[in-house]
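Residue-level structure breakdown
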Amino acid sequence: MSAKAGADLHILEARSLSKRFGRVQALSGVDLQIHAGSVLALLGDNGAGKSTLVKIVSGVHRPDTGDLLLDGSRLNISSPRDASAAGIETVYQDLALCENLNVTQNLFLGRERRSPGNAIRRMFLDRRSMEAEAEKAFDILGTRIPSLAAPISALSGGQRQAVAIARAIVWQSRLVMFDEPTAALGVEQTENVHRLIRRLRDRGVGVLLITHNMVDVFALADRVIVLRQGRRVSEMDPRKCTPDDVVSAITGSERAGERSP
Amino acid sequence: MNPQRVRKGSEPAVAPKSIQDWLLKISYGELGLLPVLAALMAVLIVFNFASPYFLTPRNLSNLTLQVGVLGVMALGMSLVLFIGEIDLSAGSVSGVCAIILVLLSSRFGIPGILAVSLAILCGAAIGGIHGKLVTAIGAPSFIVTLTGLLVWQGAQRMLVGNQIGQILINDPLVISIASTFMPFWLSLLIVASTVGYALVFCIRRWKLKQHAGTAGKLGLLGRSMLFPILAIVIFLVLSNHLGVPVLLLILAILALVLTLVTEHTPFGVHIFAVGGNAEAARRAGINVARLKLILFSSCSALAAFSGIVAVSRQYAADGNTGGGNLVLDAIAAAVIGGTSLFGGRGRIQGSLLGALVIGTVANGLDLLGQSANVKSIITGLILLGAVSVDMVARQRRIRSGAAGA
């Protein structure tokens, strides 16, 4: 796969992350490395700690212990805004788009560009430069949007996914996390999401894919990490294992231990 | 590089800000100002045939003054409606601030400009309390501002105290707000510069968007000239009576500032983002609580200003200032102007035009000697029409999304 070029460069490293909520140990001592231009699938049953891990990396939660390292240096994220500033973008299952706003407004939401010039001009939006940037992003994704001035409500499901993912391109994100991206989708839309994720990966973006869907894993992932009860129990190469192996690791039946590191 | 590539798809390639884009929007169910302009045209035509006095400069001059109180309040109301909230207390707030102004001026002899500023600040503070209650407790704004309606109405009557009837004001500045007309040369200058600015704006855009084609240019010209043409007509008509009222200029400036903020600044995008999907706005790093606080505060500050305009028109305030149907008319004005009660949709100009529709109906029915009851019924029916148009457009919006899949 084309992804191998920068595989040794890891963008994000998590070192022994732990997080406890009351009496529940959601995450205990999890290590993780995400490489540029490759897709890491994070699997696990409900309550295995996937969401907690995502929320730590996206700045929603802070870990009790453990570090996040970006390009080898320690990263302090305490809000989703910090995460975005560090080049970490999250694509939520519900896409988190404002249906009443148009495509460009959604892409730049919260980080609008202001007109260059004096103090008065800087109070106003620089629509032209944002639209130009948005056009580039859709060119890169290879997705056609009827009009950048169209509200999201006028777009198809596939186009909406492209808008959510185009944010990562506009912001030149280094790492994009997908939270159950295909859970509610049909076959064709799932294929669309896969195509978009491959485009991102081919641009050297590190992708963390949280999913239940074996189709996603075997279509996209370069590596698979399985969490169970807050611990990392297994790391696999999807080219050398079967869906059954992965399922065993998730559920913790006998065969799971064989491939554990 | 082909700048148009993105737009070529199953749907027609469109250039930004062109007539095609506009038609596309309408087909999506984004009707913009069309319904309210149609409603305004309709009532103007109907009353023109119904009463020979309606389209006289004298009556139209009256109309612009009558619409001031409602117009200012409707502008503030649209701000909270944009984020899917509501402010039922605007009438009471305008009333209590009107009393505060009158007391400060008449009882304590505070000069007009200071008294007006303090009254507006009181309004802003009251709105801040509403906003804080909505964001901190998470109480629905409907309940918070219903409480506000009762509390501030009570406060207003307590401030009026034992005095029967009205408290008069004779501060020259306050009185002049609604009773001064601009000199001919000043209104001419303003109208000319409006037209000039619109032309300069058009020419600059034309140069930037060579590829937009003739249709795009015509569309741009039509859009930019809408308000300058309106300004010319108003100017020509009102110059035949006493001139253009200063109140109309104030209203236009308020509407202009709010339009710039809501449609051309990042903050404006955030307002509609919160109205459309507050959770998505929060995830995008927008401080939703702060934004709501600012808007509730602005809404009440504008309500306070509408109370000041009412004082200026009546030379007095009493326990009923800001009462009656005023707050409901303000909500109706915004909705007739295309603002959605569900939040995330609407325009400032729409609310102003909506207030004009309601004001025109009231004025026209007065000329025909109809009672307040008839006014109420007709205004209600227009509101029903506006909501129906919005619901049909909403269906279209939902359908257009599904059809594109």
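Look up: the structure comes first, before these words.
Below: a short report on this structure. (Residues numbered from 1 in each chain as written. Chains lettered and ligands numbered in written order. Predicted model: local features only at pLDDT ≥ 70, side-chain atom pairs only at ≥ 80, totals over all residues. Heavy atoms only, no water.)

Some remarks on the packing of aromatic side chains
Enumeration over the complete set of coordinates arrives at five aromatic pairs over all chains. Between Phe-108 of chain A and Trp-171 of chain A, the ring centres sit 5.5 Å apart and the planes meet at 70°, which makes this aromatic pair edge-to-face. Of the two residues, Phe-108 of chain A is situated in the loop between helix H3 (103-107) and helix H4 (127-141) and Trp-171 of chain A in the loop between helix H5 (157-170) and strand E7 (175-179); the sequence distance between them amounts to 63 residues. When its relative accessible area of 1% is taken as the criterion, Phe-108 of chain A is described as buried. Accessibility expressed as a relative area gives 23% for Trp-171 of chain A, which makes it partly exposed. Here Phe-82 of chain B and Phe-272 of chain B contribute two aromatic rings whose centre-to-centre distance is 4.7 Å and whose plane-to-plane angle is 40°, an arrangement assigned as tilted. Placement of Phe-82 of chain B in helix H3 (residues 57-82) and of Phe-272 of chain B in helix H11 (residues 266-276) is noted, with a sequence separation of 190 residues between them. The pair Phe-82 of chain B / Phe-272 of chain B is uniform in exposure class, with both members buried. (Phe/Tyr/Trp six-rings, centres within 6.5 Å; stacked < 30°, edge-to-face > 60°. Helix = DSSP H or I, 4+ residues; strand = E, 2+ residues; numbered from the N terminus. Buried < 20%, exposed > 50% of the residue type's maximum accessible area, 1.4 Å probe, protein only.)

Observations concerning the sheet that holds strand E6 (residues 88-91) of chain A
Residue and element names in this part refer to chain A. On the basis of which strands lie adjacent, the open sheet formed by six strands has the order E6-E7-E8-E3-E9-E10 and mixed pairing. The sheet is open, and its two borders are formed by E6 and strand E10 (231-236), each paired with just one other strand. With strand direction ignored, the average angle separating the axes of adjacent strands in the sheet is 20°. Bridge count between strand E9 (residues 223-228) and E10: five bridges; the pairing is antiparallel. Bridge pairing in E10 places Val-226 opposite Ser-234. The strands that H5 touches are E6 and E7; relative to E6, the one it contacts most, it runs at about 180°. Here helix H6 (residues 187-202) sits on the sheet and contacts strand E3 (39-43), E7 and strand E8 (206-210); the angle it forms with E7, its principal contact strand, is near 160°. (Pairing = 2+ DSSP bridges. Axes fitted to C-alpha atoms, helices over the stretch in contact; angles between N-to-C directions. Contact = heavy atoms within 4.5 Å.)

A word on the pairing of strand E1 (residues 10-21) of chain A
All names here are of chain A. Pairing analysis gives eight bridges linking E1 to strand E2 (residues 24-35), with the strands arranged antiparallel. Considered in E2, the bridge of Phe-21 is made with Val-24. Hairpin remark: E1 followed by E2, antiparallel, with two residues in the connecting loop; positive phi at Gly-22, about 55°. When E1 meets strand E4 (residues 65-70), the two strands line up antiparallel, connected through five bridges. For Ala-14, the partnering residue across the bridge sits in E4 and is Leu-68.

Overview of the environment of Pro-181 of chain A
Residue and element names in this part refer to chain A. Relative to the helices and strands, Pro-181 is located in the loop between E7 and H6. Pro-181 gets classed as buried once you look at its relative accessible area, which sits at 14%. In sequence terms Pro-181 and Gly-142 are 39 residues apart; their C-alpha atoms lie 19 Å from each other. If near-sequence neighbours (up to four positions away) are discounted, Pro-181 is found in contact with Val-193, Leu-209, Ile-210 and Asp-216.

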